[in-house]
Amino acid sequence: MIPNHRMAMAQRAIASSLPSILPRGATAPSVSSRASSTLPSKMFPNHIVDNAESFGNRVKKGSVRKFNFASSQYASCFKDLPKPDVAKLRKDAVEYLDSFDGKSWYDDPICSILNGEKLLAPPSNLWITKNSLSQPNGHQYYSTPTQVQSILTHIQTYKSPYKDIRPQIRRIEQKFLHEYDGFLIGNQCLDFGKQDGVTEIEESIMANSVERKLNDLLLDEEIAGKVVVNRQPIFVSCVSNFTNFLDLFRKTLRSLELGIPCVVLGRSHTVQHSYRWTELLVDLMKEEELDLGMVTYLSAQLEDIKYVTSESVNEAGMLYTTCSRQLAKDIKSTYPKTIASTGGPNTLFTTEWTKQVQDAIRMSASIECAGQCTALRHAVVPETVKPEDVEAMFNDVTHVTSSVEALRQSAFDGVFAQHGGTSPPSSKSSDGAYIKHSTKDAYYKVSSSLPAPENGELEEYWRKVVVDVTTSAPNTPSHSEKKAKLQELAKWLIRHQPISLAVNAPRSQVFDLGRDLFETTSLVVTTIGSTDKDDAPPALSCQARPQEAECFGEFPPRKTMGVFTEYPMIIPSSNREFLLDFQSVIAMFIHLTSIGLFIAFLSK
């Protein structure tokens, strides 16, 4: 254990080096007595602290890892982005959907894939898959016990033959983005019911460019002998609503190009589109003459998936997932090396109730039928807003019957009325009673108090438009009253940790207001909008463009982070940095400074 006074020396050195890590113009946070609790002294041996006095100089001289968050090299990766042809993306998607044969997902069932071979099972293991609205859409073979054991043995014994296959994987990536873009968008539209998969591929084309450059920097460091990439197989647990960017590109392809084997895990529903891109990936790898042991697909019952992951915890690397907090907690309890991006009650704050603000609330709440991770769950509005005002706001919700038609019409916020995919709030909900809109499939509750559910967690109501409206936003109160209300909101935000906070007020006030809330909450995504400028409209909770350095992260509450995830995930990043073995202890110390202390010092 390092004595407290020596740990303090290290922390002062870290603080002095932070200005070289933080973005230009940002102020390094001060080191308080709280800092000693954020860095357990047992984490570092004594000889690291012996270097504390020279640590700041080492960082300033450029010894910080190039791929680290907010370094100058990191910032340089956002330049010269490609310009997607959005019209072509939509045209390709519509053409794919027009020619799609619904029988194909029944005739060619999902199954496990091992070493490039499909593992078919007996008819007794054939199940019907369902889309996000619980409608049947295909067949799936669950693996037999023998097949499950074969996959487990492969994961435990397979050694990657590669350290760098960037040329081959990037050729495959370009085919996905430009030849099979309609395939990706169309399958996601059919399976998840995504109305605007075009924007996801548009953003992928640009954000992939950023993360390719970050991987280049990472590999440069390995070639220089500064780090070693751990090439144990990783698990990719697919999300339903953003699998093309998050799972295919940033988790699977970015890992494969560095020689990291990937095991794509099946799902209990909306499984068709992620299986189809895995199947296509294996076919494209055959064309590139790559070792097909690099990609495995596990189609199995949940208990078998848990068995495979828990039995390979020593031989495999990280498990990446984007999911609810409860599911992340369950996964990490059996697989400690879990990197989870988790949901939270996204919040919009406004000091004025204009028509534009109401549109921002409605669109944020109904985006992808409340199926976007940044969909609005909570709005803080002026005290003058009444239940009838909220009812009137939801009058403009659009009901849609088909995600395909929504895609054709460039829509993104249609609601599938009374769909059976998930359940609406009940009268006995722990969150209290909600009012159902008279004609629209939307629910709301208006209160002067911030939401305080009995179980401590505000239920997400995935794919149902449900908004808690708190009428407590200060409009023109005294300074002390305004400060007290903002402090109360900040405490709530820290406790519930939404992914996204949108802040709206007159242009002359909103930046100070947004800064105050950011400095007291450190939420990763804080978006600023105005209520009185046509050229600066109100901010939505559901907007973030990581390719333009709007860095994105889905963090659980800081003090319980370890319950849900091993490390926080920031996008864009080279997420392979979680798999690094550092060639020198000081390199590890510098790395932990940029990725960990940036969060720890800002936390409350």
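Residues numbered from 1 in each chain as written. Predicted model: local features only at pLDDT ≥ 70, side-chain atom pairs only at ≥ 80, totals over all residues. Heavy atoms only, no water.

(A) Up close: the confidence of the model for the protein. Overall, the predicted model of the protein reaches an average pLDDT of 85, with 82% of residues at or above 70. This stretch, residues 1-62, has a pLDDT under 50; its non-local contacts, to residues over four places away or in other chains, come to 89 contacts. Across residues 595-604, confidence stays below pLDDT 50; counting only partners more than four residues off in sequence or on other chains, it has 28 contacts. (pLDDT = per-residue confidence, 0-100. Contact = heavy atoms within 4.5 Å.)

(B) Up close: the sheet that holds strand β15 (residues 465-473). The strand order across the open sheet formed by seven strands is β13-β14-β15-β12-β11-β16-β17, and the pairing between neighbours is mixed. Looking at strand neighbours, the two that pair on one side only are β13 (435-436) and β17 (525-530), the edges of this open sheet. Lying over the sheet, helix α19 (residues 479-496) contacts β11 (347-350), β12 (378-382), β15 and β16 (500-505), oriented at roughly 170 degrees with respect to β11. Contacting β11, β16 and β17, helix α20 (residues 507-521) crosses the sheet at an angle of about 150 degrees to β16. (Pairing = 2+ DSSP bridges. Helix = DSSP H or I, 4+ residues; strand = E, 2+ residues; numbered from the N terminus. Axes fitted to C-alpha atoms, helices over the stretch in contact; angles between N-to-C directions.)

(C) The arrangement of the packing of helix α10 (residues 181-191) against helix α12 (residues 243-256) in detail. At a closest axis distance of 11 Å, the pairing of α10 and α12 adopts a crossing angle of 130 degrees. Taken together, α10 and α12 sit at an angle that is classed as oblique. Every residue of α12 that contacts α10 at L184, I185 and Q188 is listed here: T243, N244, L248 and F249. Of the residues in the contact of α10 with α12, the class split is four nonpolar, three polar and no charged. (Parallel < 35°, antiparallel > 145°, perpendicular 65-115°, else oblique. Nonpolar A, V, L, I, M, F, W, Y, C, P; charged D, E, K, R; others polar.)

(D) Structural detail: the side chain of R212. Turning to its location among the elements, R212 is positioned in helix α11 (residues 197-223). For R212, a relative accessible area of 16% gives the class buried. Discounting chain neighbours no more than four positions away, the residues touching R212 are R170, E173, Q174 and R254. (Buried < 20%, exposed > 50% of the residue type's maximum accessible area, 1.4 Å probe, protein only.)

(E) Inspection of the packing of aromatic side chains at higher detail. Tallied over the full model, the rule gives twelve aromatic pairs. Both rings, one in F176 and one in F249, keep their centres 6.4 Å apart while their planes meet at 90 degrees; by these two values the pair is edge-to-face. Within this pair, whereas F176 is found in helix α9 (residues 166-178), its partner F249 is found in helix α12, the two being separated by 73 residues in sequence. Per residue, the accessibility class of F176 equals that of F249, and both read buried. With centroids separated by 6.3 Å and ring planes inclined at 80 degrees, the aromatic side chains of Y180 and F183 adopt a geometry described as edge-to-face. You can call F183 buried: its relative accessible area is 17%. Through a chain of ring-to-ring contacts, the aromatic side chains of Y96, F100, W105, Y180 and F183 assemble into a single cluster. Above the face of the F192 ring, R463 is positioned so that its terminal group lies 4.0 Å from the ring centre. (Phe/Tyr/Trp six-rings, centres within 6.5 Å; stacked < 30°, edge-to-face > 60°. Lys NZ or Arg CZ within 6 Å of the ring centre and 35° of its normal.)

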